[in-house]
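If you want the building blocks of each chain, they are given just below.
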Amino acid sequence: MLIICLLSVHITLFSQTKAVTGTVYNASGEPLSGATISLKNSGSATSTNANGKFSIKAPPDGILVISSMGFASTELKVGEQTDLRIVLNTSVDPLDNVVVVAYGRQKVKDLTGSVAVVNVDNAKKTASYDIAKMLQGQVAGVTVHGSGEPGGYVQLKIRGVTTFGNNAPLFVIDGVPMDAPFDFSPDDVESMQILKDASSAALYGARAATGVVIITTKKGKKGPIKIDYNGYYGWQKIPKTLPVTDREGYQKITSAAEINAGLTVAPANDPASPNFSTINTNWQDALFQTGKIQDHHINLSGGGDNINYSLGLGYFDQTSTMVGPQSYKRFTLNNAFSGKRGIFSYGGKVAYTQSDKVNLAITGDHAVFGGGVTSMLTAIPTMPIYDENRLGGYGGSDELLNRAIALNVIGMNNLVTDNSDRNRFFGNVWGEIEIVKGLRYKLNLSYDYTNYKNYHFEPKFDLGFYYLNNNYILSDNRGNGYTGLVENLLTYNVVTGKHNIDFLAGTTYQEGHGEWTTGRATGNGDYETYNFSALPSEDKVLLGESSTSTILSFLGRVNYNYDSRYMLTVNFRRDGSSRFGPANRYGNFPSVSAAWNISNEKFIHLPAVISNLKIRGGYGTLGNQNFGDYLFQSYINPNASYNFGDVLAQGSAVVYVADPNLRWESTKTGNVAIDLGFFSNQLTFSAEYFNRESYDIITSLPLPYSAGSFPANITTNAASMRNKGLEFTLNYQHQTSKDFHYAIGANLGTLQNKVLKLGLYDNPIYGSGSKTEVGREIGELFGFVTEGIFQNQEDLDKHAKQTNAAVGDMMFKDTNGRDAEGKLTGQPDGLITDDDRVYLGSTIPSFNYGFNLSLGYKQFDFSFFFQGQGGNKVNNGVYGSLMSTDYGNHHQDVLNFWTPQNTNTNIPRPVKGDPNGNGRFSDRFVESGAYGRLQNAVLGYTFSPQLLARTKVLKSFRAYVSGQNLFTISNYKGYDPDFISDGLFSRGFDYGSFPNPRTIMVGLQVGF
């Protein structure tokens, strides 16, 4: 009877259910695919298709729960409705967002460590081939510097300089650690997080001392196939030119310099000479051109009950803003899949990149002073671009007529072939099984393989004095490398009452191998072949090398959360690296962090405006082994024979001395922070203080030549350094009406650096116009202080003695001297020597900032991004080269040089050879590196879904116009205060970084 009654009730309920259909839209009226519709308190659920439509069976009194990532969930009673129109608004509580952390995921509101979530939509508005470049100004504590060179290097640092080696962070793409992301398309990126402290990064201990960037690429969602196109085409130009002298100005300055040195005037600059030159080449106008940049990406995604997929195909092409063949092209493929069947989850990806880079031309046997940019600026205007009488057809300087060493950069760029080709394959597969409820085992396997070819060929050519190539030069460098990774992870989640505990334990094994071979040939034959094997054997030499490194790691983590009020994270990782000797192979890297969510306390009553108040802090240790292999091993020459009494005795000798006790670099980090939310977390604010101390930093120390080591230095742990600072982040989003919404994001980061130890005896390290010593910042500018110009003999007599000084020369300040024992006194001694150099400023910006504003009105959207830095000084090496009065071209400032008739000036007399050292590094060439830049501005229009529905093909369509590097607020005399300068000890030294161009683009985003 009971069975019959239950069956009767079931049949009755079943008969009351009905098919309910509907469409889910976003706030802009666009259909929302992949949204989940579930019947509350039942196991019934479905998702919307590509057109936002769904169908589900539900009773009239049933309640549907509609949710989608990034949108606020809503509930709706079915009633008598059968066709529903549902609108989901963008989630106004960013603290509920789930982000990727080390080996897991967490809600933002539950984080205890320092994890910065990147707004990927804002970051992607910066057009770049490199994912790292997109992060410039987007996150507090992250500094990025790049150049305008197609495919050029991008510097990224998290919280300053941590090591004397490579300071780039570790990148983790879809769970796999790797060194750099430049082979991957920014279009494939779905989310990015920056791990900045020990607690958040500790599980990557072996390589996390410089920070971690976690990148997740696009994944498919259940539903029919979805096709999206995203592309742009743009034009690029250098936004400014530098004021260098034309022919008349150049000849005036150079002739005066020769006369002041007691020399005759060069014939090409002497109007009385039959060889006087009237050529007037403007090298900036001749060399700079409009470059092109384009990017096209197609993504296909979808899925079924057991598997989801995403396939991305991309093409990027950028040509140079300098005349020549320089360019960068890249083809990318990114294919990812994931699925679940019962207790088994699985996924993987296959990515392939093929890139071709035509490099800025250099010459192997002739110095290109300062690179192509500085060489172009110092090229004399009396040199022609083309000269059919010279081998190669390009102009050059004449040793007798011009007396100038000047490079025709246009000729070099077109005569020399320099290419770099890369192919990279990346594969990853993982499987996870739920052994019992809450207990999961995951196996993750990956393989990353790269092969490359660097090809360089110089034919015979004549580009004038010094740049004369009597022999051809060919270099063919080919290599490959792979990294294999095996990870075994066990996770267990326990929820009991208000207690939520996550356990993680695992092992990882990573092996890397690299090898290369270089063939070099040079000779005087007239060969046009680019084939190394076809050249004469007597012209050729072969070199090669290979290396292997491994890391074995054990890791564990416990996350404890009580009622979203008290949170604790404990991490531990033990790494063993083959880059250290057996006695120091393993390093231990623990960390702990905790957070107190005060706003969830019932006994604390906060003002209604405050929706979140959390205090967090952490402390831990991170490791670094990101340097060369085998540095702990000495090298022995087994063929070191010696003559004893006219008998040749076989012997061996150490040729490279190594430290067998080389050990891990370690970084201890501590941080405290406060997170605030206002107005239901529409406004969020975070403030954080950090302190990072790196110790056992690996560096090279000099050895006496009697040690017999080549090179005469030893690599050992001999330095320590501290970085500390404050970071502030603010975000606000608001929708004032159905038609208008806006969002604001701002960040500010400060940084202070201090060297704590430097070698065994704390001896300072000197760089290009810089000095690093204990108690001060790394790479501080260090040089002379100017006091004006010697106006007469009386000035010379009264001033401290300057060797070879004359009237019209620079006057340098006497700041220091030595006593009878040779010790510095800190007092003037009447002599100008190197001891009189002083610190001239910090090269590390004391603060960096970024500001984003996004507006939306109906179908229109507008956004701009402003970023900059301040508090740092720059050694403007380009300006220093142009202020020289030797035979190269000059800055127009030099035209105001001192003469007996022009004494009211700060520009010394021109003189060939510069006997007084007017051009020595001094405060003349130190400038502020502060700038503010409108990095990008975008105006877009999205067509309405109703209009697109008529096409039966298009689901979404957005067109936009964008500008990048639109203007810069700066007094810097160089091209750009944002330049590549990673000389470590020679920091802030601008000697001709490729200028960042201004870009105007048009783009489309289309969904099918």
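Residues numbered from 1 in each chain as written. Predicted model: local features only at pLDDT ≥ 70, side-chain atom pairs only at ≥ 80, totals over all residues. Heavy atoms only, no water.

A closer look at the overall build of the protein
The helix and strand inventory of the protein stands at 10 helices and 54 strands. For the protein, the C-alpha radius of gyration of 33 Å lies close to 30 Å, the compact-globule estimate for 1008 residues. A buried classification covers 51% of the 1008 residues belonging to the protein. A separation of at least 24 residues holds for 69% of the contacts in the protein among residues at least 6 apart in sequence. Of the roughly 44200 Å² that the protein leaves accessible, carbon and sulfur atoms contribute 56%. The averaged location of the 89 negative side-chain charges in the protein is 10 Å from the averaged location of its 84 positive side-chain charges. (Helix = DSSP H or I, 4+ residues; strand = E, 2+ residues; numbered from the N terminus. Rg over C-alpha atoms; globule rule 2.2 N^0.38 Å. Buried < 20%, exposed > 50% of the residue type's maximum accessible area, 1.4 Å probe, protein only. Contact = heavy atoms within 4.5 Å. Areas by Shrake-Rupley, 256 points an atom, 1.4 Å probe, with all protein chains shown as cover. Lys, Arg positive; Asp, Glu negative; His and termini not counted. Charge placed at Lys NZ, Arg CZ, Asp CG, Glu CD.)

Comments concerning the sheet that holds strand β50 (residues 926-928)
Taken in spatial order, the three strands line up as β50-β49-β53 in an open sheet, and their pairing is mixed. Pairing within the sheet leaves two strands with one partner each, and these edge strands are β50 and β53 (989-990). (Pairing = 2+ DSSP bridges.)

Focus: the environment of Ile 66
Relative to the assigned elements, Ile 66 resides in strand β5 (residues 63-67). Look at Ile 66 and you get buried, because its relative accessible area is 0%. Residues Ile 66 and Ile 37, 29 residues apart in the sequence, show an inter-C-alpha distance of 4.7 Å. Beyond its immediate chain neighbours, meaning those up to four positions away, Ile 66 contacts Val 24, Thr 36, Ile 37, Ser 73, Thr 74, Leu 76, Ile 86 and Leu 88.

Brief notes about the pairing of strand β48 (residues 860-870)
With respect to burial, β48 is a largely interior element, eight of its 11 residues being buried. Strand direction decides the pairing type here: strand β47 (residues 847-857) and β48, joined by 11 bridges, are antiparallel. When the bridges of β48 are listed, Phe 847 appears paired with Gly 870. Linking β47 back to β48 in an antiparallel pair, the connection comprises two residues, with Lys 858 at a positive phi of about 55°. Of the pairings in the sheet, the one linking β48 to strand β51 (residues 931-942) comprises 10 bridges and is antiparallel in character. Residue Phe 866 lies in a different strand from β51, and its bridge partner there is Leu 934.

A closer look at the side chain of Gln 964
Tracing the backbone through its elements, the reader meets Gln 964 in strand β52 (residues 956-969). A polar atom in the side chain of Gln 964 sits 2.7 Å from the backbone nitrogen of Ala 127. Discounting residues that sit within four places of it in the chain, Gln 964 has contacts with Lys 125, Thr 126, Ala 127, Gln 935, Asn 936, Pro 997, Arg 998, Thr 999 and Met 1001. (Polar contact = N/O pair within 3.5 Å; in protein donor to acceptor, adjacent residues only side chain to side chain.)

Looking at the domain arrangement of the protein
When cut into domains, the protein gives domain 1 (18-87) and domain 2 (94-223). One C-alpha centre belongs to domain 1, the other to domain 2; they are set 35 Å apart. (Domains from an automatic or database assignment.)

Details of the pairing of strand β9 (residues 104-107)
The pairing of strand β8 (residues 98-101) with β9 spans four bridges and is antiparallel. Bridge pairing in β9 links Val 98 to Lys 107. Here β8 hands over to β9 after two residues, with Tyr 103 in that stretch at a positive phi of 55°.

With respect to the packing of aromatic side chains
In total, this model carries 35 aromatic pairs according to the counting rule given. Plain terms: the ring middles of Tyr 879 and Phe 925 are 6.4 Å apart, the flat faces sit at 65° to each other, and that makes the pair edge-to-face. Of this pair, Tyr 879 sits in helix α9 (residues 877-882) while Phe 925 is found in the loop between α9 and β50, placing the two residues 46 residues apart along the sequence. Accessibility expressed as a relative area gives 6% for Tyr 879, which makes it buried. The exposure class assigned to Phe 925 is buried, which follows from its relative accessible area of 3%. An aromatic cluster is defined as three or more aromatic residues linked by ring pairs; in this entry it consists of Phe 580, Phe 589, Phe 627 and Trp 664. (Phe/Tyr/Trp six-rings, centres within 6.5 Å; stacked < 30°, edge-to-face > 60°.)

Some words on empty space enclosed by the protein
If a probe the size of a water molecule is rolled over the atoms, the empty space left behind becomes visible. For the coordinates displayed, the defined rule picks out seven cavities of 30 Å³ or more. Of the volumes computed, that of the largest cavity is approximately 390 Å³. In terms of lining residues, the largest cavity is bounded by 29 residues, among which Thr 143, His 145, Thr 843, Pro 845 and Arg 987 are the most central. Those elements that provide at least two residues to the lining of the largest cavity are β11 (142-145), β12 (155-158), β39 (740-750), β47 and β49 (873-876). It is β11 that contributes the most residues to the lining of the largest cavity, four residues altogether. Of the residues assigned to the lining of the largest cavity, the class counts are 11 nonpolar, 14 polar and four charged. Put simply, the parts of the chain that give the lining of the second largest cavity at least two residues each are β19 (308-319), β51 and β52. Its residues assigned to classes, the lining of the second largest cavity shows seven nonpolar, 12 polar and four charged. (1 Å grid on protein atoms, 1.4 Å probe; cavity = no way out; pocket = protein on both sides within 12 Å on 5 of 7 lines; lining within 4 Å. Points joined across faces, edges and corners; volume = space filled by probe spheres on them. Nonpolar A, V, L, I, M, F, W, Y, C, P; charged D, E, K, R; others polar.)

Digging into the sheet that holds strand β16 (residues 212-217)
Read across the sheet, five strands follow the order β10-β15-β16-β13-β14 without closing on themselves; strand pairing throughout is mixed. Across the chains shown, the open sheet's two edge strands, defined by having one partner strand only, are β10 (115-117) and β14 (176-178). Put simply, the sheet's adjacent strands are angled 25° from each other on average, direction ignored. In this sheet, β14 lies alongside strand β13 (residues 170-173) in antiparallel orientation, the contact comprising three bridges. Its bridge partner being in β14, Val 172 is matched across the sheet by Pro 177. (Axes fitted to C-alpha atoms, helices over the stretch in contact; angles between N-to-C directions.)

Side note on the side chain of Thr 716
Mapped onto the elements of the fold, Thr 716 is located in strand β38 (residues 713-735). By relative accessible area, Thr 716 is classed as buried at 12%. Looking at Thr 716, its side chain comes within polar contact range of the side chain of Asp 659, at 2.7 Å.

Structural notes on unusual backbone geometry
Positive phi is not limited to glycine here, since Tyr 103 has a value of about 55°. Within the fold, Tyr 103 resides in the loop between β8 and β9. Phi angles above zero are rare outside glycine, and Asp 563 is one such case at about 55°. With respect to the element layout, Asp 563 can be found in the loop between β28 (540-562) and β29 (566-577).

Details of the pattern of salt bridges
For side chains of opposite charge, pairing can occur when their charged atoms come near one another. In total, this model carries 37 salt bridges according to the counting rule given. Between Arg 440 and Glu 432 there is a salt bridge whose closest N-O contact spans 3.7 Å. Linking Arg 818 and Asp 835 is a salt bridge whose minimum nitrogen-to-oxygen distance equals 2.8 Å. One end of the pair, Arg 818, is in the loop between β45 (810-812) and β46 (838-841); the other, Asp 835, is in the loop between β45 and β46, and 17 residues separate them in sequence. A relative accessible area of 46% places Arg 818 in the partly exposed class. (Salt bridge = Lys/Arg side-chain N within 4 Å of Asp/Glu carboxyl O.)

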